[in-house]
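What follows is the residue order along each chain.
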Amino acid sequence: MEFKIFSKALYSTWILYRPERVLFDAGEGISTILGNSVYAIKEVFITHGHVDHIAGLWGLINTRNNAMGDREKALKINYPKKNRAIEDFLRFITEMNPKLRYEMILNPIEPGEEVYLRTAGNFRRSVIPFPVQHTSGEISYGYHVLEERRKLKPEFSHLSPQEISDLVKEKGRDFVTQTYKKKILTVSGDCNALPVSVIKGSETLIHECTFINGGDRRGQNHAVLSEILDNVREASDIKRLILYHISSRYSSKISVLRKKLQEEFAEKGIKIYLVHPERLFVL
Ligand SMILES: [Zn+2]
Ligand SMILES: [Zn+2]
């Protein structure tokens, strides 16, 4: 399992990304559904302060204090710096829970500020926030998960595999290759369709899709399906698209739409998933 997601626009949204034990947002009901798996969370990244994305924080923090599990593990909560609702809510939770039995680290972050997750073998992974356009006055982020990888320096691209291997033996790997950061995952948070420049190069895109029909949208605070798909087609290098934060008004249409989209995008080598607003999504 890689993802466990619950997302119903206006009600509750959270995304558990298992490989890195990261939680994006903490809508209500999260600790009820996760149970003792709340200990599987090391880092929380909050996209913005709307109640459907933060209401479960208090429950999560408390459950982790009382349920069976390893209390030695710290819990770090990363959130948009100067976001009033989040800061006030965290202050309230902290005051109500003065004697937590584990370490809770609160980390206000700014766009572009990288949070390192772990180093395992040859790769390092990090999460980096980027600003998104949501409701006015609400500081809102999306997040990229980056993985540091190595590639051949362009000046050696003309060499044969044997010549490259000889050069590595002679001069070492750092002489022949350079590091770059690959976007392995992008989470949009609540926003309008993310621009191509933001999503390009991401292996997996989890994008909010509050509106399936553009005619249902009032204001410019949430994404419409057609806009997201246009940008994904243009980006051309996304392997997997997971649509979440879907309004429950479309619940009865999800399965037909999923089939149609999956057929259309299979030709382009893109896998599409829709998070049903009434069901837990596991992938
Ligand atoms: Zn929302
Ligand atoms: Zn919102």
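Notes on the structure in this doc start here. Just so it is clear, the structure is predicted and the values come from calculations on it, not from any experiment.

Scoring rules and cut-offs
- Residues numbered from 1 in each chain as written.
- Chains lettered and ligands numbered in written order.
- Predicted model: local features only at pLDDT ≥ 70, side-chain atom pairs only at ≥ 80, totals over all residues.
- Heavy atoms only, no water.
- Axes fitted to C-alpha atoms, helices over the stretch in contact; angles between N-to-C directions.
- Helix = DSSP H or I, 4+ residues; strand = E, 2+ residues; numbered from the N terminus.
- Parallel < 35°, antiparallel > 145°, perpendicular 65-115°, else oblique.
- Left-handed = near helix turned anticlockwise from the far one by under 90°.
- Contact = heavy atoms within 4.5 Å.
- Nonpolar A, V, L, I, M, F, W, Y, C, P; charged D, E, K, R; others polar.
- Core = buried A, V, L, I, M, F, W, Y, C linked by side-chain atoms within 4.5 Å.
- Buried < 20%, exposed > 50% of the residue type's maximum accessible area, 1.4 Å probe, protein only.
- Donors = N, O, S within 2.8 Å, 3.2 Å for Na, K, Ca; no water.
- Tetrahedral: all angles 85-135°; square planar, octahedral: opposite > 155°, others 65-115°.
- Salt bridge = Lys/Arg side-chain N within 4 Å of Asp/Glu carboxyl O.

Right, let's get into the packing of helix α8 (residues 225-235) against helix α9 (residues 254-266). Contact geometry for α8 and α9: axes closest at 13 Å, N-to-C directions at 20°. With respect to their mutual orientation, α8 and α9 come out roughly parallel. By crossing handedness, the relation of α8 to α9 is classed as right-handed. On the side of α8, the interface is formed by L225, L229, V232 and R233, while α9 contributes L257, L261, E264 and F265. Of the residues assigned to the contact of α8 with α9, the class counts are six nonpolar, no polar and two charged.

In this section: the nonpolar core. Counting residues in each nonpolar core, the largest one holds 31 residues, and the members touching the most others are V232, L241, L243 and L261. It is α8 that provides the largest number of residues to this core, a total of five residues. Not counting residues within four places of it along the chain, the set of residues in contact with V232 comprises I199, L205, I238, L241, F265 and I270. Listed in part, the 26 residues of the second largest apolar core include L16, I46, A67 and L90.

This part covers the coordination of the zinc ion (ligand 2). Tetrahedral coordination by four donors places them ideally at 109.5 degrees to one another around the metal; octahedral coordination by six donors ideally gives 90 or 180 degrees. On the protein side, the zinc ion (ligand 2) has H48 (NE2), H50 (ND1), H134 (NE2) and D190 (OD) as donor atoms, found 2.2 to 2.4 Å from it. Considering all four donor atoms around the zinc ion (ligand 2), the spread of angles at the metal, 91 to 168°, places the coordination shape in the irregular class. Within one chain, the residues serving as donors to the zinc ion (ligand 2) are arranged as H-x1-H-x83-H-x55-D. Separating the zinc ion (ligand 2) from the zinc ion (ligand 1) is a gap of 3.6 Å, bridged by D190, which donates to each. Of this pair, H48 sits in the loop between β4 (43-45) and α2 (51-54) while D190 sits in the loop between β10 (177-187) and α7 (196-199), placing them 142 residues apart in sequence. Overall, the relative accessible area of 0% leaves H48 in the buried class.

Take the pattern of salt bridges next. According to the stated counting rule, one finds 17 salt bridges in the structure shown. R125 is paired through a salt bridge with E20; the nearest N and O atoms lie 2.8 Å apart. Residue R125 is located in strand β8 (residues 123-131), and its partner E20 is located in the loop between β2 (12-17) and β3 (22-24); the two are separated by 105 residues in the primary sequence. Given a relative accessible area of 12%, R125 falls into the buried group. Residue classification places E20 among the buried positions, given a relative accessible area of 6%.

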